[in-house]
Amino acid sequence: MAAGTLLLARSRNARNLRLILSIPPGMDPSLPWADAEPALRNLGETARLSDKKLSVGILQEGVAVNGEPCEWHWLLENDTGPELVTESLERLPKKKDPKAIAGWMESCETDTDSLHGQVWLTPNRADFSGLVRRWRQWGFRRIILRDAALAADLPAEHLDLYVAGMRRNAEDYANDLLKGDLYLCEPFATWFRLIYAGEPSWRGDPAGTGRLAVNGQGTIYPDAEFMSGDALPLGQMGIGGGEATWDADRVSAFLDLGSMTMPSCLGCWARGLCGGGQALVHYRRSGSITRPDPSWCDARRRILEHVIAAFNTLSAAGIPFLDLHRALGRSKSGLSWRLLLRAVRGSVLAARPIRESDAPLLARWERWNPAAYFTFTDSGVLLATTHDRENDALHPKPWQMELALIRPGQDRPIGLLRLIPHRLPATVWAWLYLRDPAAYGHAGTRQGLRELIDTTLRDRAVRRILTPAGTFDDGLEACLLAVGFTRAGVLRESLYLHGRYHDVTVFSYTRPDSRSNFSG
Ligand code: SF4
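Residues numbered from 1 in each chain as written. Predicted model: local features only at pLDDT ≥ 70, side-chain atom pairs only at ≥ 80, totals over all residues. Heavy atoms only, no water.

**Considering the site of the ligand**
Then, number 1: Around the ligand, the structure places Ser-264, Cys-265, Cys-268, Arg-271, Cys-274, Gly-276, Gly-277, Pro-292, Trp-296, Cys-297, Arg-300 and Arg-301.
Then, number 2: Listing elements by their share of the shell around the ligand, those giving two or more residues are helix H10 (271-274) and helix H12 (294-317).
Then, number 3: Of the residues assigned to the shell around the ligand, the class counts are six nonpolar, three polar and three charged. (Near = heavy atom within 4 Å. Helix = DSSP H or I, 4+ residues; strand = E, 2+ residues; numbered from the N terminus. Nonpolar A, V, L, I, M, F, W, Y, C, P; charged D, E, K, R; others polar.)

**A word on the pairing of strand E17 (residues 500-510)**
Remember that side chains alternate between the two faces of the sheet whenever the strand is regular.
Then, number 1: Taking burial as the measure, the 11 residues of E17 include eight buried ones, the bulk of the element.
Then, number 2: Pairing of strand E15 (residues 464-470) with E17, which is carried by seven bridges, proceeds in the antiparallel orientation. In the sheet register, Leu-466 faces E17, and the bridge partner there is Ser-508.
Then, number 3: Bridge analysis of strand E16 (residues 486-497) against E17 gives eight bridges, and the strand direction is antiparallel. Looking at E17, one finds that Tyr-496 is bridged to Tyr-501.
Then, number 4: With antiparallel pairing between neighbouring strands as the criterion, E16 and E17 make up a hairpin whose turn holds two residues, including His-498 at a positive phi of roughly 50°. (Buried < 20%, exposed > 50% of the residue type's maximum accessible area, 1.4 Å probe, protein only. Pairing = 2+ DSSP bridges.)

**Observations regarding the nonpolar core**
Then, number 1: Counting 88 residues, the largest nonpolar core has Trp-74, Tyr-162 and Phe-188 as the members making the most contacts within it.
Then, number 2: In terms of residues, this core owes the most to one element, H12, which gives nine residues.
Then, number 3: Once you skip the residues sitting within four places of it in the chain, Trp-74 turns out to touch Pro-29, Ile-58, Leu-59, Gln-60, Leu-89, Leu-92, Ile-101, Trp-104, Met-105 and Gln-118.
Then, number 4: Ranked by size, the runner-up nonpolar core spans 47 residues in total, among them Leu-416, Leu-419, Phe-507 and Tyr-509. (Core = buried A, V, L, I, M, F, W, Y, C linked by side-chain atoms within 4.5 Å. Contact = heavy atoms within 4.5 Å.)

**Let's talk about a nonpolar patch on the surface**
Then, number 1: A grouping of Trp-202, Met-260 and Leu-266 is seen on the molecular surface, where their side chains present a nonpolar patch of about 300 Å² in accessible area.
Then, number 2: Relative to the helices and strands, Trp-202 resides in the loop between helix H8 (188-197) and strand E7 (213-214). (Patch = residues over 30% accessible without salt bridge, like charges linked within 9 Å, V, L, I, M, F, W, Y side chains within 5 Å. Areas by Shrake-Rupley, 256 points an atom, 1.4 Å probe, with all protein chains shown as cover. Salt bridge = Lys/Arg side-chain N within 4 Å of Asp/Glu carboxyl O.)

**Overview of the pattern of salt bridges**
Then, number 1: The full count for this structure, using the stated rule, is 20 salt bridges.
Then, number 2: A salt bridge links Arg-142 to Glu-109; its shortest N-O distance comes to 2.8 Å. Of this pair, Arg-142 sits in strand E5 (residues 142-145) while Glu-109 sits in helix H4 (residues 98-111), placing them 33 residues apart in sequence.
Then, number 3: Given a relative accessible area of 3%, Arg-142 falls into the buried group.
Then, number 4: In this structure, Arg-133 and Asp-172 form a salt bridge, with 3.7 Å as the shortest nitrogen-oxygen distance. Highlighted residues: Arg-133 in helix H5 (residues 131-137) and Asp-172 in helix H7 (residues 159-178), separated in sequence by 39 residues.

**Considerations on unusual backbone geometry**
For residues other than glycine, phi is negative in most cases, and the peptide bonds are mostly trans.
Then, number 1: Note the cis peptide between Glu-186 and Pro-187, where omega equals 10°.
Then, number 2: Tracing the backbone shows Pro-187 in the loop between strand E6 (184-186) and H8.
Then, number 3: Here the phi dihedral of Asp-230 falls at roughly 50°; this positive angle occurs in a residue that is not glycine.
Then, number 4: With respect to the element layout, Asp-230 can be found in the loop between strand E8 (219-221) and strand E9 (235-236).
Then, number 5: Phi at Glu-493 takes a positive value of approximately 45°, unusual for a residue other than glycine.
Then, number 6: In this structure Glu-493 comes out as exposed when scored by relative accessible area, which is 52%.

**Points about the sheet that holds strand E10 (residues 245-246)**
Two pairing modes exist for strands in a sheet, parallel and antiparallel, and in both the strands are linked by backbone hydrogen bonds.
Then, number 1: One open sheet accounts for four strands, arranged E7-E8-E9-E10; its pairing is antiparallel. The open sheet terminates on both sides in strands that have one partner only, identified here as E7 and E10.
Then, number 2: Of the strand pairs in this sheet, E9 and E10 are connected by two bridges, and their pairing is antiparallel. Paired with Gln-236 across the bridge in E10 is Thr-245.

**Observations regarding the environment of Thr-313**
Then, number 1: As for its position among the elements, Thr-313 is in helix H12.
Then, number 2: Here Thr-313 falls in the partly exposed class, since its relative accessible area comes to 41%.
Then, number 3: C-alpha of Thr-313 to C-alpha of Asn-175: the two residues are 138 residues apart in sequence and 8.6 Å apart in space.
Then, number 4: Contact partners of Thr-313, with chain neighbours within four places excluded, come to Ala-174 and Leu-178.

The structure is reproduced here in structure tokens:
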């Protein structure tokens, strides 16, 4: 497969590679995929020998949806070779409307963490408000909004409508996150993460350097969007006896795309988020991939202002973007909390959500308490008030679950358990605190904890639990080892308390059938 060879040859020191096979609309995707499978397997093996990881996927345009202001493509991709995609394509629904495709992707992803689906939405009208939320409601968990082709051709007088469309979609996404509906929508998720992490992005578009596209005749383009109109071909693969060519001058122009290399970007306040814009947009609007059209830049800056405003509402709610972006990008959203609660009924230890009426007791527990549960967190300040704890109960954060541990038949908490998705796939952080240190050694409590762990891991989305224990957690370490945890490592001097730094030990529990995947 010529495109795969090109990918490996041009990948330089990149470790994670993606190869997407795009097939025409209406074609049965399993036929071209079956033809390509042996070559994809060989490419994967070659990549492995070069210490690279090749992810392979299939992309197809979906049937037009009446009244929708966009074209759409579905993509199914696997990190570990083509076989799982082949199996999934056998179950592809006959009816290929968005809901059926979303349901199919969901069922494919349930079986494994390496397989993931996306929907690409390409707006074809300036007014596309509500698009992201509608496709989310149809069941997609990863939505990629591809606005470049639209923005490339919009006349200046329609840019206001386009800005309003981007703004409303960003606001809808932020509001959905706030309500606890955690899904991935690009480019907003990446912009939120960059703002959250304070990381500038000096190059927003990988076209021509980090990405290439090849059509059926073997012509190489900087990106698939350049294919229509045969814009800026970079060379020929030399398929069928033709001459192989590579236009090094044209390719080198793409090296200059970016906000630190384009003169017009150097004084722009948005350069760290915009990254110099999109090559296709600049090319179609000004004739040069490195000369942005000022009217488009003005629209882009207004969009980014709205994205920052939407981020501010999220930031006030404390959403952990670094972890969420990883978790949502690769795997399902996490635990089935209801299952966890149901399963512990009848156990020697039970769990229930914290309540407003627990607030005075929890505030008393937290004040000046050096246990890792309260101090080894992003916001541990040792000074919780009853009001804070009432708020925690009344407005729980959607990405975390805090449970009160109780003895069956009693309502008064004896401890706390907090669960948060970790940035590693299929992994959660679990903080554990028992009010009475002697309870860590109690056989019934340990048995109850074992049952909680079993229930948590019974959900296929969770394969490993990580639990921190600090210097001040008397009895916790012995309890964790007794219920089957192992020491994963020590975070040296990671907790500053009482005037000095303390080590925190991280304990790990891995589902038995996943131990080889997580070793090391
Ligand atoms: S908005 Fe325009 S000037 Fe500003 S960084 Fe983006 S492309 Fe450059």
